[in-house]
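What follows is each chain in one-letter form.
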Amino acid sequence: MEPRESWAALAAGGVAGVCVDLILFPLDTVKTRLQSPQGFRKAGGFRGIYAGVPSTAIGSFPNAAAFFITYENVKSVLPHGSSSYLSPATHMVAASLGEVVACLIRVPSEVIKQRAQVSPSSSTLRILSHTLYHEIPFSLVQFPLWESLKDLWSWKQGHVVDSWQSAVCGAFAGGFAAAVTTPLDVAKTRIMLAKAGSSNASGNVLAALGGIWRTQGLSGLFAGVVPRMAAISLGGFIFLGTYEKTRQLLL
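Just so it is clear, the model here is predicted, and its values are computed rather than measured.

Colleague: Describe the overall build of the protein chain, and please don't skip the residues or the numbers.
Modeller: Each helix and strand counted, the protein chain has eight helices and zero strands in total. Going from N to C terminus, the protein chain has its helices and strands arranged as α-α-α-α-α-α-α-α. Taking all 251 residues of the protein chain together, 51% fall into the buried category. Of the roughly 11,600 Å² of accessible surface on the protein chain, a fraction of 68% belongs to carbon and sulfur atoms.

Given below as structure tokens:
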């Protein structure tokens, strides 16, 4: 991968990250409070839905930039392309490594944001591990699907998709990935918001999922799925569309 392409991925990823996080911050706050064990109203309801926005703004650029420069560089050294059967595996590996790098930046700002939104106490190291458990499965679904939809659309129309078409593909991929990984998101939120000594304080994801299933059933596992899907579908449109457009302009 050429240095110019790397810098373009870095800058485009950062710009896209800031745009999507600032635009969708209120929906993320509502989702976090819906998933809180305190309940939506006690967690703050609709009050202060921009609480924690400074830490998000600070963390967004380096987080998204780190993800995309890793993603694009890993993609460039592994087999990929619409004609390669290994493309989905390549995109999975690239997205997973991108998330690992990005999470090292994301988690400290995520801790500050979550505490501002609901006011719990959490361990940064514990949150890092459980953010990885949550983010990697999401990216394993979203990015191969996004790349496949782009390849299919490009093949149908006979030329590479435009940035707005990439954005539409991103919206579909993000919405689908959001739906199937909602239980992991609920478990992560419960663990992050757990008080010391509580059953979720140990940080065991499977135990958290089991506890939610026993006490709240399927509705508990998919708490906040509608705002999550809405936010991530819109976020996928903004994030991936902005990334593609900015990268095209820089190249």
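Colleague: Give me the lowdown on helix α2 (residues 53-77), citing residues and values where you can.
Modeller: Within an α-helix, residues lying three or four positions from one another point in the same direction, as the helix has 3.6 residues per turn. Between its first and last C-alpha atoms α2 spans 36 Å; for 25 residues at 1.5 Å apiece the expected length is 36 Å, and the two agree. Along α2, the sharpest change in direction is near 35° and occurs at Ser-60; proline Pro-62 comes one to four residues later.

Colleague: So what about the packing of helix α1 (residues 3-35) against helix α6 (residues 182-192)? Which residues, and what values?
Modeller: Packing of α1 against α6 brings their axes to within 9 Å, and their N-to-C directions diverge by 75°. Between α1 and α6, the crossing angle belongs to the class labelled roughly perpendicular. In this structure, α1 uses Lys-31, Thr-32 and Gln-35 to contact α6, whose residues at the interface are Asp-185, Val-186, Thr-189 and Arg-190. Residues of the contact of α1 with α6, tallied by class, amount to one nonpolar, three polar and three charged.

Colleague: Give a description of the packing of aromatic side chains that names residues and reports values.
Modeller: Taken as a whole and judged by the stated rule, the model has twelve aromatic pairs. Taken together, a centroid distance of 6.3 Å and an interplanar angle of 15° make the contact between Phe-25 and Tyr-50 stacked. Of this pair, Phe-25 sits in helix α1 while Tyr-50 sits in the loop between α1 and α2; the two residues are 25 residues apart in sequence, bridging distant segments of the chain. What makes Phe-25 buried here is its relative accessible area of 2%. Since its relative accessible area comes to 48%, Tyr-50 is described here as partly exposed. Between Phe-143 and Trp-146, the ring centres sit 5.7 Å apart and the planes meet at 90°, which makes this aromatic pair edge-to-face. With Phe-143 and Trp-146 both in helix α4 (residues 124-157) and three residues apart, the pair spans about one turn of that helix. Look at Trp-146 and you get buried, because its relative accessible area is 1%. Three or more aromatic residues link up through ring pairs in this structure, and these residues are Phe-67, Phe-68, Tyr-71, Phe-143, Trp-146, Phe-239 and Tyr-243. Of note, Lys-150 hangs over the ring of Trp-146, and the distance from its end group to the ring centre comes to 3.8 Å.

Colleague: How would you summarise the side chain of Thr-246 if you had to cite specific residues and measurements?
Modeller: Here Thr-246 lies in helix α8 (residues 225-250). Discounting chain neighbours no more than four positions away, the residues touching Thr-246 are Ala-12 and Val-15.

Colleague: Go over the nonpolar core with me, naming the residues and quoting the values.
Modeller: Membership of the largest hydrophobic core comes to 21 residues, with the highest contact counts inside it found for Phe-67, Phe-68, Tyr-71, Phe-143 and Phe-239. Breaking this core down by element, the ones donating at least two residues are α1, α2, α3 (87-118), α4, α5 (163-180) and α8. Excluding residues within four positions of it along the chain, Phe-239 makes contact with Gly-13, Ala-16, Gly-17, Val-20, Ala-64 and Phe-68.

Colleague: Talk me through the packing of α2 against α8; I want residue IDs and the actual numbers.
Modeller: Put simply, α2 and α8 touch, their axes get as near as 13 Å, and they point 65° apart. As judged from the angle between their axes, α2 and α8 are roughly perpendicular. Read as a crossing pair, α2 and α8 show a hand that is right-handed. Of the residues in α8, those in contact with Ala-64, Phe-68 and Glu-72 of α2 are Phe-239, Leu-240, Tyr-243 and Arg-247. Residues that form the contact of α2 with α8 fall into these classes: five nonpolar, no polar and two charged.

Colleague: Can you tell me about a nonpolar patch on the surface, naming the residues and giving the values?
Modeller: On the surface, Val-77, Leu-78, Val-93 and Leu-97 cluster together into a nonpolar patch covering about 320 Å² of accessible area. By the secondary structure assignment, Val-77 is in helix α2.

Colleague: Tell me about the pattern of salt bridges, and name the residues and values.
Modeller: Counting across every chain of the model gives five salt bridges. When the shortest N-O distance is used, the salt bridge between Lys-75 and Glu-72 registers 3.6 Å. Here Lys-75 and its partner Glu-72 are both found in helix α2, three residues apart, which amounts to about one turn of the helix. Each member of the pair, Lys-75 as well as Glu-72, carries the same accessibility label: buried. A salt bridge links Glu-244 to Lys-150; the shortest N-O distance between them is 2.8 Å. Of this pair, Glu-244 sits in helix α8 while Lys-150 sits in helix α4, and the two are 94 residues apart along the sequence.

Rules used throughout
Residues numbered from 1 in each chain as written. Predicted model: local features only at pLDDT ≥ 70, side-chain atom pairs only at ≥ 80, totals over all residues. Heavy atoms only, no water. Helix = DSSP H or I, 4+ residues; strand = E, 2+ residues; numbered from the N terminus. Buried < 20%, exposed > 50% of the residue type's maximum accessible area, 1.4 Å probe, protein only. Areas by Shrake-Rupley, 256 points an atom, 1.4 Å probe, with all protein chains shown as cover. Expected span 1.5 Å × (residues − 1). Bend = angle between axes of the 7 residues up to and from the residue. Axes fitted to C-alpha atoms, helices over the stretch in contact; angles between N-to-C directions. Parallel < 35°, antiparallel > 145°, perpendicular 65-115°, else oblique. Contact = heavy atoms within 4.5 Å. Nonpolar A, V, L, I, M, F, W, Y, C, P; charged D, E, K, R; others polar. Phe/Tyr/Trp six-rings, centres within 6.5 Å; stacked < 30°, edge-to-face > 60°. Lys NZ or Arg CZ within 6 Å of the ring centre and 35° of its normal. Core = buried A, V, L, I, M, F, W, Y, C linked by side-chain atoms within 4.5 Å. Left-handed = near helix turned anticlockwise from the far one by under 90°. Patch = residues over 30% accessible without salt bridge, like charges linked within 9 Å, V, L, I, M, F, W, Y side chains within 5 Å. Salt bridge = Lys/Arg side-chain N within 4 Å of Asp/Glu carboxyl O.

Geometric descriptors of this kind do not, in isolation, establish any biological role.
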